[in-house]
Amino acid sequence: MPVDKLWIKKVGFLLVAFIVGIVFQTMGVPAGWLLGALLTGIFYGLFIETYNFKGWPFALALALVGANIGIIMEAELFVHLHQYFFPLLVTLMITLFGGLGFGLLLNKWTGLDRTTAFFCTVPGGASEVIALSAHYGADERVVAAFHTARITMFVLLIPFGVGMFYGQGSQETFTEASTQLQPNQLFFFAVVISIAFLLHRLFTFPGAMLIYSIVVGFLLSQFVFDLGTLPNYVAGVGQVLIGAMVGIRFERSTVKRLSSIGVPSLKILAMYVGMALFVALLFFMMTPLNYVTSLLSTVPAGAPEMSSTAFALKLEPSLVASLHIIRMVSIFLVLPLFLRLILKKS
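Residues numbered from 1 in each chain as written. Predicted model: local features only at pLDDT ≥ 70, side-chain atom pairs only at ≥ 80, totals over all residues. Heavy atoms only, no water.

1. Considering the overall build of the protein chain
Link 1 in the chain: A tally of helices and strands in the protein chain yields 16 helices and zero strands.
Link 2 in the chain: For 346 residues, the compact-globule estimate of 2.2 N^0.38 gives 20 Å, and the protein chain sits close to it at 20 Å.
Link 3 in the chain: Oriented by its inertia axes, the alpha-carbon framework of the protein chain measures out at about 60 × 50 × 45 Å.
Link 4 in the chain: The buried share of the protein chain, reckoned over its 346 residues, is 55%.
Link 5 in the chain: Across the protein chain, the fraction of contacts at a sequence separation of at least 24, relative to all contacts at a separation of at least 6, is 78%.
Link 6 in the chain: Side chains of the protein chain give 19 positive and 14 negative charges; the mean places of these two sets differ by 16 Å. (Helix = DSSP H or I, 4+ residues; strand = E, 2+ residues; numbered from the N terminus. Rg over C-alpha atoms; globule rule 2.2 N^0.38 Å. Buried < 20%, exposed > 50% of the residue type's maximum accessible area, 1.4 Å probe, protein only. Contact = heavy atoms within 4.5 Å. Lys, Arg positive; Asp, Glu negative; His and termini not counted. Charge placed at Lys NZ, Arg CZ, Asp CG, Glu CD.)

Take a look at the structure:
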């Protein structure tokens, strides 16, 4: 298929996801922008066609979400961030050893080799884990399928759970309390995204694009730009892009590979949910955060997806993003030790 026709289809898909996001948001569905786009992506991937948004398109979505988080970030976050380090360390160790245990169970219950099983259950950023798994000789396709299912499951479950138990739905429509995007606001996002891309090219690490755009967005909005009130749909666009690009990864080949593992994959995913709820409870008891924010901050899913969910639910997105970045970097610092242990016994 010619590139221009492929991109027309991709843009068409994103427009459909945006429209569904508007509908969900207007209906008061929790995180309507994100969930509407996510479900649209899943539907396209399973029944219509799947598209690849790796590279700069997904990085652009990350930068847009990060810029919006940076705008609402408060300076006090840096003053109080240290109080979360010890609770995060405790919950991180539980999550890491839980992932190791799940990998051993997956290896025992299925025909997967130990390296592939371990990479399937590593609670790190999906993109980084998938890339690293190929380097160590794991079956990259199975790893990608498992991580796609894990992240999709959490992005679907958390907003619905929040809406059911805490009533955090939103009835903000596409036009309500929104004004036309002003030239200085448009220029602000262009500058933030450009600087974030430049920094990411010079020095990258897990979650770099998201953290760069948050920091640059915060500094520019605090000291350079007077942005005023942003239209509601600006934040929605970033959430739609993240939701659509994550959802469309859950396509037929993902289901096929998971079904080849069978019931054990469902058991492991259910155990992940149980562990996430328990870890969030510990974090909640050790910090001043409410339980939902604790869950978003510690759940073993991606930083972009969870910070987008936190932003949509108005639950400390900058803190959630910061804690997830710390979690991801920490995991990749200790991952070689775990790999040495796993590969030594394989």
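2. Let's talk about the nonpolar core
Link 1 in the chain: Among the nonpolar cores identified, the biggest contains 117 residues, and Phe13, Leu106, Phe154, Ile242, Leu296 and Met306 are the most heavily contacted of them.
Link 2 in the chain: Considering each element in turn, this core owes the most residues, 11 residues, to helix 16 (residues 317–345).
Link 3 in the chain: If we skip the residues at most four places from it in the chain, Phe154 touches Pro159, Tyr272, Val273, Ala276, Val299, Pro300, Ala301 and Met306. (Core = buried A, V, L, I, M, F, W, Y, C linked by side-chain atoms within 4.5 Å.)

3. Topic: the pattern of salt bridges
Link 1 in the chain: Inspection of the entire model under this criterion finds two salt bridges.
Link 2 in the chain: Among the ionic pairs, Glu49 bridges to Lys9, the shortest N-O distance being 3.4 Å. Residue Glu49 is located in the loop between helix 2 (32–48) and helix 3 (56–72), and its partner Lys9 is located in helix 1 (residues 3–27); the two are separated by 40 residues in the primary sequence.
Link 3 in the chain: The class of Glu49 is partly exposed, set by a relative accessible area of 24%.
Link 4 in the chain: Salt-bridge contacts for Arg141 lead to Asp139; the nearest nitrogen and oxygen are separated by 3.4 Å.
Link 5 in the chain: On the basis of relative accessible area, Asp139 is assigned to the partly exposed category, the value being 26%. (Salt bridge = Lys/Arg side-chain N within 4 Å of Asp/Glu carboxyl O.)

4. Considerations on unusual backbone geometry
Link 1 in the chain: Of note in the backbone geometry, Glu316 takes a positive phi value of approximately 50° without being a glycine.
Link 2 in the chain: Along the chain, the position of Glu316 falls in the loop between helix 15 (303–312) and helix 16.

5. Some points on the packing of aromatic side chains
Link 1 in the chain: Per the counting criterion, the structure on display carries 13 aromatic pairs.
Link 2 in the chain: Each ring, one from Tyr84 and one from Phe283, has its centre 6.4 Å from the other, and the planes form 20°; the classification is stacked. One end of the pair, Tyr84, is in the loop between helix 4 (76–80) and helix 5 (85–109); the other, Phe283, is in helix 13 (residues 263–286), with 199 residues separating them in the sequence. For the pair Tyr84 and Phe283, a shared accessibility class is recorded, and that class is buried.
Link 3 in the chain: Taken together, Phe13, Tyr44, Tyr51 and Phe53 form an aromatic cluster joined through their ring pairs.
Link 4 in the chain: Across from the ring centre of Trp7, 4.5 Å away, lies the NZ or CZ of Lys10, which sits over that ring. (Phe/Tyr/Trp six-rings, centres within 6.5 Å; stacked < 30°, edge-to-face > 60°. Lys NZ or Arg CZ within 6 Å of the ring centre and 35° of its normal.)

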